[in-house]
Amino acid sequence: MRKGILSIGAAAAALTLGLTACGGESGDTSAESSGAPSAAAGDAKPGKIGVILPDSKSSARWETADRKYLQEAFDAAGVQSDIQNAQGDKTAFQTIADQMITNGATVLMIVNLDSGTGKAVLDKAKSQGVATIDYDRLTLGGSASYYVSFDNTAVGKLQGEGLVKCLTDKKADKPIIAELNGSPTDNNATLFKQGYDGVLQPKYDSGDYKKGPDQSVPDWDNTQAGTIFEQMLTQEPKIAGVLAANDGLGNAAISVLKKQKLNGKVPVTGQDATVQGLQNILAGDQCMTVYKAIKKEADAAAQLAVSLAKGEQPQASGTVKDTEGNRDVPSVLLEPQAIFFDNVKDVVADGFVSKDELCTGEFADKCTEAGIS
């Protein structure tokens, strides 16, 4: 399904290859844009880049990391940009896209809320001559010119392997596993599940593990996740491991486990290496998370967007198959990293979270124990 997966270090560098000028248009300015225009191909000013983020509820990363890193990259390149957040509202998502195109965006980068909404936005942008990038989530059946993300099946594989490691460390005997999956409308959630089911299904088939409740969480909603997991635990009180698809869902499960005094006894996975997720790992309540170096992802996507805004035609290093559109989408995919207690320090060393925000209050001693300096 995936070709040309790159290491984090190589991904951004690959985009510098094969840039060909093809002439560009200048974008209009607006009060929301930032960054001063700079000279592009010939004497033409670069176009304007519009970015639509999905929400701030499903994960803190969109506002605390992606927005910041994308804005910094656009500003450094001297290209005008307008970054907005749809806050989970599909109508607002389409309205924002229309406004960006009206206000002169020549490049549109989106993180879709679902493939249907995303496709409508991408197709309209394409019809207006606007270059498009799927960021983090592939829009199935869409028309994006490029896709930048992590190898999401590999993310799920790391989660499955992580849960196996934590259960093995606890010497669990035929544990019952609950799967708390991401949104059914998010193609990434499908890929995560493919990855961790690829690890867990052989365990179920052999009888080493028992498959317990398995349910998706609409819109990655953490409140709903808590309700769903509470029902899971009522249905199957002997759940011994939780494959939670991200840190928010994992924390929802942990909150329920705490009520039953089962936190720390039942391994829970996560993803995104959020401060909350890392603190749960330090506390012993979460078994692992998956760190995706979002700055590298944002930088790779920004480099593509800037090249397009300057009228160039960048060549991506690989492709991903859009199974609904039956096409190979030029792509850059980055490699994720599994994070356990003993390497939480790697996330701090990389600058993704700071010691000050992570090692507060009760977590100070745990940080010292984990070698965070």
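Predicted model, so just to flag it, every value in this text is computed and none were measured. (Residues numbered from 1 in each chain as written. Predicted model: local features only at pLDDT ≥ 70, side-chain atom pairs only at ≥ 80, totals over all residues. Heavy atoms only, no water.)

### Some points on the state of the cysteines
Part 1 of the argument: This structure, assessed with the given rule, holds 2 disulfides.
Part 2 of the argument: One disulfide bridge connects C166 with C287, the sulfur atoms lying 2.2 Å from each other. Measuring handedness by torsion sign, the sulfur bridge of C166 and C287 sits at about 85° and is right-handed. Residue C166 is found in helix 5 (residues 152-169), and its partner C287 is found in the loop between helix 9 (275-283) and strand 10 (289-291); the two are separated by 121 residues along the sequence.
Part 3 of the argument: Judged by relative accessible area, which is 12%, C287 ranks as buried. (Disulfide = S-S within 2.5 Å. Helix = DSSP H or I, 4+ residues; strand = E, 2+ residues; numbered from the N terminus. Buried < 20%, exposed > 50% of the residue type's maximum accessible area, 1.4 Å probe, protein only.)

### Structural notes on the pattern of salt bridges
Part 1 of the argument: Per the counting criterion, the structure on display carries 21 salt bridges.
Part 2 of the argument: The closest approach of N and O atoms between E297 and R61, which form a salt bridge, is 3.0 Å. Remark: R61 occurs in helix 2 (residues 61-77) and E297 occurs in helix 10 (residues 294-309); sequence separation between them is 236 residues. Pair check on accessibility: E297 and R61 agree, each one buried.
Part 3 of the argument: With a closest N to O distance of 2.7 Å, R67 and E63 form a salt bridge. Highlighted residues: R67 and E63, both in helix 2, separated by 4 residues, approximately one helical turn.
Part 4 of the argument: Of the residues examined, E63 reaches a relative accessible area of 28% and is grouped as partly exposed.
Part 5 of the argument: One salt-bridge network, in which partners are shared between bridges, spans E179, K193, D197, K211 and D214. (Salt bridge = Lys/Arg side-chain N within 4 Å of Asp/Glu carboxyl O.)

### Some remarks on the side chain of N187
Part 1 of the argument: The topology assignment puts N187 in helix 6 (residues 187-206).
Part 2 of the argument: Owing to a relative accessible area of 9%, N187 belongs among the buried residues under this scheme.
Part 3 of the argument: Each residue touching N187, except ones within four places of it in the same chain, is listed here: L138 and L140. (Contact = heavy atoms within 4.5 Å.)

### Comments concerning the sheet that holds strand 9 (residues 239-244)
Part 1 of the argument: Strand order in the open sheet formed by 3 strands is 8-7-9, with parallel pairing between adjacent strands. Looking at strand neighbours, the two that pair on one side only are strand 8 (210-216) and strand 9, the edges of this open sheet. Averaged over all neighbouring strand pairs, the angle between strand axes comes to 20°, with direction disregarded.
Part 2 of the argument: In this structure, strand 7 (residues 176-181) lies alongside strand 8, joined through 5 bridges in parallel fashion. Pairing of I177 across the sheet is with K211, part of strand 8.
Part 3 of the argument: Packing against the sheet, helix 5 makes contact with strand 7 and strand 9, and its axis sits at approximately 155° to strand 9. (Pairing = 2+ DSSP bridges. Axes fitted to C-alpha atoms, helices over the stretch in contact; angles between N-to-C directions.)

### Describing the packing of helix 7 (residues 222-235) against helix 8 (residues 247-259)
In a packed pair of helices, the relevant descriptors are the angle between the two axes and the axis-to-axis distance.
Part 1 of the argument: Taken N-terminus to C-terminus, the directions of helix 7 and helix 8 make an angle of 45°; their axes are 8 Å apart at the nearest point. Judged by the inter-axis angle, helix 7 sits oblique to helix 8. Note on packing geometry: the crossing formed by helix 7 with helix 8 is right-handed. Residues N222, A225, G226, F229, E230 and L233 of helix 7 pack against G248, L249, A252, A253, V256, L257 and K259 of helix 8. (Parallel < 35°, antiparallel > 145°, perpendicular 65-115°, else oblique. Left-handed = near helix turned anticlockwise from the far one by under 90°.)

### Digging into the sheet that holds strand 5 (residues 131-135)
Part 1 of the argument: Across the sheet, 7 strands lie side by side as 3-2-4-5-6-13-12; this open sheet has mixed pairing. Strand pairing shows two members of the sheet lacking a second neighbour, strand 3 (81-85) and strand 12 (318-322), which therefore form its edges. When the angles between neighbouring strand axes are averaged without regard to direction, this sheet yields 25°.
Part 2 of the argument: Summarising the sheet, strand 6 (residues 146-150) and strand 13 (residues 327-334) pair through 4 bridges and their orientation is parallel. Within the sheet, the bridge partner assigned to V148 lies in strand 13 and is V332.

### Quick word on the environment of D208
Part 1 of the argument: Mapped onto the elements, D208 comes out in the loop between helix 6 and strand 8.
Part 2 of the argument: A relative accessible area of 39% means that D208 is categorised as partly exposed.
Part 3 of the argument: Separated by 35 residues in sequence, D208 and D173 place their C-alpha atoms 7.5 Å apart.
Part 4 of the argument: Residues within four places of D208 in sequence aside, it is in contact with K174, P175 and K203.
Part 5 of the argument: There is a polar contact of 3.1 Å between the side chain of D208 and the side chain of S206. (Polar contact = N/O pair within 3.5 Å; in protein donor to acceptor, adjacent residues only side chain to side chain.)

### With respect to unusual backbone geometry
Part 1 of the argument: The phi torsion at A273 lies on the positive side, around 50°, for a residue other than glycine.
Part 2 of the argument: Summarising the element assignment, A273 is placed in the loop between helix 8 and helix 9.
Part 3 of the argument: In this structure A273 comes out as buried when scored by relative accessible area, which is 0%.
Part 4 of the argument: Of note, N326 is a non-glycine position whose phi angle comes to about 50°, a positive value.
Part 5 of the argument: Tracing the backbone shows N326 in the loop between strand 12 and strand 13.

### Describing the confidence of the model for the protein chain
Part 1 of the argument: The share of residues in the protein chain with pLDDT of 70 or more is 88%, and the mean pLDDT across the chain is 90.
Part 2 of the argument: Note on residues 1-43: pLDDT is under 50 here. Beyond four places in sequence and across chains, it has 113 contacts. (pLDDT = per-residue confidence, 0-100.)

### A look at the pairing of strand 13
Part 1 of the argument: Here 5 bridges tie strand 12 to strand 13, and the two strands are oriented antiparallel to one another. Each residue of the ladder has a partner; that of D322, found in strand 13, is R327.
Part 2 of the argument: Linking two consecutive strands that pair antiparallel, namely strand 12 and strand 13, is a turn of 4 residues; a positive phi of about 50° is found at N326 within it.

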